[in-house]
Amino acid sequence: ELNVSGGILTDFIVSPALGLETGIKYSERFFAIDDQNALSGSTLPGVDEQLGNLKSAEVDFRLLEIPINLKYRHPLSLNDHWIASLGYSCLVYLNEDFEYTYEFDNPSTNPTSIVSTVTSKEAKVYPGTINLSLGMSHVLKNKKIIEGALFYNHGIGTQGLEKTRAQYFGLKSTYCFTVS
């Protein structure tokens, strides 16, 4: 699913080519499971078989990501650089909402369904992700920098009450300015 994150990162410049990037990002993520094979093999919390056959599950969760990435810059020109980074992110789940749709066993063409929800508001830290990114940066006329990159985050352990393994791929854009 398409999700948007936002946050504040600090890039500590170690040398002209290397930097250490860290900060905090907030995300709201959503996914749905409609496949019966995936549902039968899942470890979803609070599933109640007495309500009927589980037909679908939706999971919404909010999390904080605390990355630490080593960032490399390779100059293409005075104002343009290739950028690549490798690092690790700790994930802190703030809450998770599970919505289950059950279908009753009846032979009608429009079977009756019921929806139940389970919510966990307990903040919990999970094994994080290995982060990779590759992109470009450009210095603007006002000396601010914009960056654009493709990123991939790969989970190194299971996360959430549903025990999934995170794999995120997407685009990252950054507006950089100097704080004095």
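Look above for the structure.
Note that the structure is predicted; figures quoted are calculated from it, not measured.

Caption draft 1: Representation of the packing of aromatic side chains. Enumeration over the complete set of coordinates arrives at six aromatic pairs. Arranged with centres 6.4 Å apart and planes meeting at 65 degrees, the rings of Y100 and Y102 form a pair that is edge-to-face. Residue Y100 shares its accessibility class with Y102, and that shared class is buried. Among the aromatic residues, those joined into a ring-pair cluster are F31, F61, Y93 and Y126. Across the ring face of Y168, the terminal group of R29 is positioned such that the distance to the ring centre comes to 3.7 Å.

Caption draft 2: Highlighting a negative patch on the surface. A cluster of acidic side chains, namely D34, D35, E58 and E99, defines a negative patch on the protein surface. The topology assignment puts D35 in the loop between β2 (18–33) and α1 (36–40).

Caption draft 3: Looking closely at the pairing of strand β1 (residues 5–13). Bridge count between β1 and β2: nine bridges; the pairing is antiparallel. Note that in β2 the partner of G7 across the bridge is K25. If you look at the hairpin formed by β1 and β2, you'll find four residues sitting between the two strands.

Caption draft 4: Representation of the pattern of salt bridges. The tally for this structure, following the rule as stated, stands at eight salt bridges. Ionic pairing is found between E21 and K172, a salt bridge with its closest N-O pair at 3.5 Å. In this pair, E21 sits in strand β2 while K172 sits in strand β8 (residues 164–176), placing the two residues 151 residues apart along the sequence. The partner of E103 in a salt bridge is K55, and the shortest N-O contact between them spans 3.9 Å. Within this pair, whereas E103 is found in strand β4 (residues 80–103), its partner K55 is found in strand β3 (residues 53–75), the two being separated by 48 residues in sequence. A relative accessible area of 30% means that K55 is categorised as partly exposed. Sharing partners across several salt bridges, the network here consists of D11, E21, K71, R73, E147 and K172.

Conventions used here
Residues numbered from 1 in each chain as written. Predicted model: local features only at pLDDT ≥ 70, side-chain atom pairs only at ≥ 80, totals over all residues. Heavy atoms only, no water. Phe/Tyr/Trp six-rings, centres within 6.5 Å; stacked < 30°, edge-to-face > 60°. Buried < 20%, exposed > 50% of the residue type's maximum accessible area, 1.4 Å probe, protein only. Lys NZ or Arg CZ within 6 Å of the ring centre and 35° of its normal. Patch = residues over 30% accessible without salt bridge, like charges linked within 9 Å, V, L, I, M, F, W, Y side chains within 5 Å. Areas by Shrake-Rupley, 256 points an atom, 1.4 Å probe, with all protein chains shown as cover. Salt bridge = Lys/Arg side-chain N within 4 Å of Asp/Glu carboxyl O. Lys, Arg positive; Asp, Glu negative; His and termini not counted. Charge placed at Lys NZ, Arg CZ, Asp CG, Glu CD. Helix = DSSP H or I, 4+ residues; strand = E, 2+ residues; numbered from the N terminus. Pairing = 2+ DSSP bridges.

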